[in-house]
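Residue-level listing of the chains:
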Amino acid sequence: MRPPVSVVLVMDYSGSMGGYESTVEAASLAFLSNLQAGDRVGIVHFRGGVTIVSSLTSDLARVAASIPGHAATGFTAMYDGLYTAIGMLAGIDGPKIIVLYTDGWDNASHWTPSDVVTLAREAGVSIYCLGIGSDVDQRSLTSIASSTGGMAEFGLDVQSLYQFYDKILSLISSYYWLAYCSPDPEFNCSWRVLDVSVQLYAAAGRDTAHYLAPCGGPDASIWKHAVVDSYYVSPSVGDTIGFVASGETFTYIIRVRNAGGDFHMGSEVFDVLPPGYVLMEASPPPTEARGDTLMWRVPALRAADTWAATLRLKAEYDPYRTSTRFVNVAWIANDEDTVLVNNRAADTLYALPPEPIPPEIMVAPPVIEPRDSVTVTILTHIPAVRWWVEVELGDGSKIFDYPRRPLRDSTELVAGTPFTLPEKFVRTQLVTRGERERLRFWVVIEDPLGRTLRSRPADVIIRGANNVLLSRNVFRPGRDPNLIVRLKLSSNRTATVKILDISGRVVVVLAQDQFFLAGWNEIAWDGRDSHGNLVGPGIYVLTVESDPIREWLKFVIIR
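Residues numbered from 1 in each chain as written. Predicted model: local features only at pLDDT ≥ 70, side-chain atom pairs only at ≥ 80, totals over all residues. Heavy atoms only, no water.

1. Overview of the overall build of the protein chain
Here is step 1: Broken down by element type, the protein chain carries seven helices and 36 strands.
Here is step 2: Projecting the C-alpha coordinates of the protein chain onto the three principal axes gives extents of approximately 120 × 60 × 45 Å.
Here is step 3: Counting every position in the protein chain, which comprises 559 residues, the buried fraction comes to 48%.
Here is step 4: Of the contacts made within the protein chain by residues no fewer than 6 positions apart, 70% connect residues no fewer than 24 positions apart.
Here is step 5: For the protein chain, the accessible surface area stands at approximately 26,100 Å², while carbon and sulfur atoms represent 52% of it.
Here is step 6: Seen as two clouds, the 49 positive and the 62 negative side-chain charges of the protein chain have centres 11 Å apart. (Helix = DSSP H or I, 4+ residues; strand = E, 2+ residues; numbered from the N terminus. Buried < 20%, exposed > 50% of the residue type's maximum accessible area, 1.4 Å probe, protein only. Contact = heavy atoms within 4.5 Å. Areas by Shrake-Rupley, 256 points an atom, 1.4 Å probe, with all protein chains shown as cover. Lys, Arg positive; Asp, Glu negative; His and termini not counted. Charge placed at Lys NZ, Arg CZ, Asp CG, Glu CD.)

Written out as structure tokens, the structure reads:
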């Protein structure tokens, strides 16, 4: 019987996988049914973020129960999903593999393929990649698989998952342990490649593996990682973070590795628990525990050896303090260590409210006239990865380009802090022939868990009004600037504007059934009649007809 194998299935649940969920879940269940007792399996999903659906366990029935019933949506954080899976396998003995399937390209990860390969090599994890369909990042996945001792296949359909899983089962069922002593005595911290070929009668096989050469002097490095139900890699924060609910129990893994030459003495590892964390159990138990500080005495480590501790913690905090961050710091102390920059590690978790809290939007003033501006303020109660504003006009059409995209992309909303948009909303013209319309505003956010949250609407009423004004009551044609007729209409409609002399004779028609927008409009008159001649001095009358209004104003012309 082969040795027990530890496997993490990294499953693509991004939006492009929609409709295939039941098929890939059935293939994964078939794969589980062919594993043997003692094998350990974990499940990781990736969309725009990463979720650990099932932590590593030998209870295969519990893992199988967690597979069905998930929906595909959002972006593709594939490399973050792989990085998380490697962290779950770090420090575990025996063969360790990751099985990834995807149908696209990464578009949401913090970690890079190089980060994934480096961590996988350090943890001794092989990655197997299946690319479904024709639009897959074959170059990156092939590099990841070949650099970690796995394999990659592409251009297949969803049904090919069954054959891919069978091929992996065949490979892991025929594992052999090989011991190797390098003839290269140089300690240069480089990754070295082993090329192994086997020839047995008519059968032949070949594969490659990697190992890290010692770095000379002792070099203790420390790494830590949280395993929570709601996990995400935030590009804005730039650190591996997760979300933890009050009352939730979760796991921290601390791993120490000697990346250099042999230590001749042990090390001390410290971990400081932030307020809000309660230690339930630790394996191995800490040597000392003083307040919030735990300390382990780690025995001397030979080159490339590792030591790991697992903490089971419980979060206890006010669940509505959604801006709370929990920063857990660990470090290692050893007098023989020759490299100190990797002696400290930190991991951040955010408080998770029990229910998603939608954002809020406020607008002012509540009543405006056409072409006035509106001030918009938005408030989020939880971190937002993306946000945008929707505006519904009076005719039911919607605007999605406010504010401009550069502002949305460059502005990170701070939970609990109102943000007033520097760009006022100015598209407040009436769009129907009515005298009163409603503008309706929403703000929409995507939180780090991939949930889309929409605010309640906030309304602004556009109310039209009628008015006629002249720029002056006494006008001197040829010497004064043009006489300006300011016409304010309560709706979008036509109007006729004329100048009459005192006897009622039409001097000039400035607008004949001309269409005007609601709000203020301006018409300039240079003091000339319909024949182009300057009019004489006297009293004149401006008339405006625009159903239902009829207005007139007197003014004087002098020469």
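2. Digging into the pattern of salt bridges
Here is step 1: For the structure on display, the rule yields 20 salt bridges.
Here is step 2: Between Arg297 and Glu288 there is a salt bridge; the shortest N-O distance is 3.5 Å.
Here is step 3: A relative accessible area of 47% places Arg297 in the partly exposed class.
Here is step 4: Put simply, Arg505 and Asp501 hold a salt bridge, and the shortest N to O gap is 3.1 Å.
Here is step 5: Taking relative accessible area as the criterion, Arg505 reaches 52% and is therefore assigned exposed.
Here is step 6: Residues joined in a network through salt bridges with shared partners are Glu268, Glu288, Arg290 and Arg297. (Salt bridge = Lys/Arg side-chain N within 4 Å of Asp/Glu carboxyl O.)

3. Notes on helix 6 (residues 160-172)
Residues spaced three or four apart along an α-helix face the same direction, because each turn holds 3.6 residues.
Here is step 1: Its 13 residues place the ends of helix 6 19 Å apart at the C-alpha level, agreeing with the 18 Å of an ideal helix rising 1.5 Å per residue.
Here is step 2: Taken as a whole, helix 6 has its buried residues at Ser160, Leu161, Phe164, Tyr165, Ile168, Leu169 and Ile172. (Expected span 1.5 Å × (residues − 1).)

4. Structural notes on the nonpolar core
A general tendency of soluble globular proteins is for nonpolar side chains to be buried together.
Here is step 1: Formed by 34 residues in total, the largest nonpolar core has its most connected members in Val10, Ile86, Ile98 and Ile127.
Here is step 2: Ranked by residues supplied to this core, first place goes to helix 3 (residues 78-89) with eight residues.
Here is step 3: Once residues lying within four places of it in the same chain are set aside, the contact partners of Val10 are Val44, Phe46, Gly81, Leu82, Ala85, Ile98, Val99, Leu100 and Tyr101.
Here is step 4: By size, the runner-up hydrophobic cluster in this structure holds 32 residues, among which are Ala226, Val244, Tyr277 and Ala330. (Core = buried A, V, L, I, M, F, W, Y, C linked by side-chain atoms within 4.5 Å.)

5. Here's the deal with the side chain of Asp80
Here is step 1: On the secondary structure map, Asp80 appears in helix 3.
Here is step 2: Arg386 provides the closest opposite charge to the buried, salt-bridge-free Asp80, at an N-O distance of 10 Å.
Here is step 3: At a separation of 3.0 Å, a polar atom in the side chain of Asp80 contacts the main-chain amide nitrogen of His110. (Polar contact = N/O pair within 3.5 Å; in protein donor to acceptor, adjacent residues only side chain to side chain.)

6. Side note on the pairing of strand 2 (residues 40-46)
Here is step 1: Within strand 2, six of the seven residues are buried, leaving the element largely enclosed by the surrounding structure.
Here is step 2: As paired strands, strand 1 (residues 6-12) and strand 2 are joined by seven bridges and run parallel to one another. Bridge assignment links Ser6 to a residue of strand 2, and that residue is Arg40.
Here is step 3: Between the parallel elements strand 1 and strand 2, the chain passes through helix 1 (residues 21-33) in a crossover that is right-handed.
Here is step 4: Of the strand pairs in this sheet, strand 2 and strand 3 (residues 50-57) are connected by five bridges, and their pairing is antiparallel. Each residue of the ladder has a partner; that of Ile43, found in strand 3, is Ser54.
Here is step 5: Here strand 2 folds back onto strand 3, and the loop between the two strands holds three residues. (Pairing = 2+ DSSP bridges. Right-handed = clockwise from strand over helix to strand, strands pointing away.)

7. Some details on the environment of Ile144
Here is step 1: Of note, Ile144 is situated in helix 5 (residues 138-147).
Here is step 2: For Ile144, a relative accessible area of 0% gives the class buried.
Here is step 3: Considering only alpha carbons, one finds Ile144 and Ala71, 73 residues apart in sequence, at a separation of 27 Å.
Here is step 4: When near neighbours in sequence (up to four residues on either side) are disregarded, Ile144 contacts Tyr79, Leu82, Pro113, Val116, Val117 and Ile127.

8. Some thoughts on the sheet that holds strand 17 (residues 306-315)
Hydrogen bonds between backbone atoms are what pair the strands of a sheet, whose relative direction is either parallel or antiparallel.
Here is step 1: Strand order in this open sheet of four strands is 9-12-17-14, and the pairing throughout is antiparallel. Only two strands of the sheet have a single neighbouring strand rather than two, namely strand 9 (220-227) and strand 14 (277-283). Within the sheet, the average angular offset between the axes of one strand and its neighbour, ignoring direction, is 25°.
Here is step 2: Here eight bridges tie strand 9 to strand 12 (residues 249-258), and the two strands are oriented antiparallel to one another. (Axes fitted to C-alpha atoms, helices over the stretch in contact; angles between N-to-C directions.)

9. Here we look at helix 3
Here is step 1: Taking 1.5 Å per residue, twelve residues should reach 16 Å; helix 3 reaches 17 Å between its end C-alpha atoms and fits that length.
Here is step 2: With respect to burial, helix 3 is a largely interior element, twelve of its twelve residues being buried.
Here is step 3: Listed as buried for helix 3 are Met78, Tyr79, Asp80, Gly81, Leu82, Tyr83, Thr84, Ala85, Ile86, Gly87, Met88 and Leu89.
Here is step 4: Two residues or fewer past helix 3, Gly91 is found with a positive phi of approximately 80°.

10. Thoughts on the packing of aromatic side chains
Here is step 1: Counted under the stated rule, the structure contains 15 aromatic pairs.
Here is step 2: Geometrically, the ring pair formed by Phe475 and Trp525 is tilted, given 6.0 Å between the ring centres and 50° between the ring planes. Here Phe475, found in strand 30 (residues 474-475), pairs with Trp525, found in strand 34 (residues 519-525); they are 50 residues apart in sequence, far enough to count as distant. Each member of the pair, Phe475 as well as Trp525, carries the same accessibility label: buried.
Here is step 3: When the centroid spacing of 6.1 Å and the interplanar angle of 25° are considered together, the rings of Tyr540 and Phe555 count as stacked. Taken together, the residues span a long stretch of sequence, with Tyr540 in strand 35 (residues 538-546) and Phe555 in strand 36 (residues 549-557) at a distance of 15 residues.
Here is step 4: Judged by relative accessible area, Phe555 falls into the buried class, the value being 1%.
Here is step 5: Of note, Arg386 hangs over the ring of Phe75, and the distance from its end group to the ring centre comes to 3.9 Å. (Phe/Tyr/Trp six-rings, centres within 6.5 Å; stacked < 30°, edge-to-face > 60°. Lys NZ or Arg CZ within 6 Å of the ring centre and 35° of its normal.)

11. Here we look at unusual backbone geometry
Here is step 1: The linkage connecting Ala364 with the following residue, Pro365, adopts the cis geometry, with an omega of -5°.
Here is step 2: Looking at the secondary structure, you find Pro365 in the loop between strand 20 (360-364) and strand 21 (367-368).
Here is step 3: At the junction of Tyr402 and Pro403, the peptide bond is cis and its omega measures out at -10° in the coordinates.
Here is step 4: Note that Pro403 resides in the loop between strand 24 (398-402) and helix 7 (405-410).

12. Brief notes about the packing of helix 1 against helix 6
For any two helices packed against each other, the geometry comes down to the angle between their axes and how far apart the axes lie.
Here is step 1: Contact pair helix 1 / helix 6: the axes reach a minimum separation of 9 Å and the direction vectors enclose 20°. Judged on the interaxial angle alone, helix 6 and helix 1 are roughly parallel. As for how helix 1 packs across helix 6, the hand of that crossing is right-handed. Taken together, the residues of helix 6 that come into contact with helix 1 (itself represented by Thr23, Val24, Ala26, Ala27, Ser28, Ala30 and Phe31) are Leu161, Tyr162, Tyr165, Ile168 and Leu169.
Here is step 2: Counted by class, the contact of helix 1 with helix 6 contains ten nonpolar, two polar and no charged residues. (Parallel < 35°, antiparallel > 145°, perpendicular 65-115°, else oblique. Left-handed = near helix turned anticlockwise from the far one by under 90°. Nonpolar A, V, L, I, M, F, W, Y, C, P; charged D, E, K, R; others polar.)

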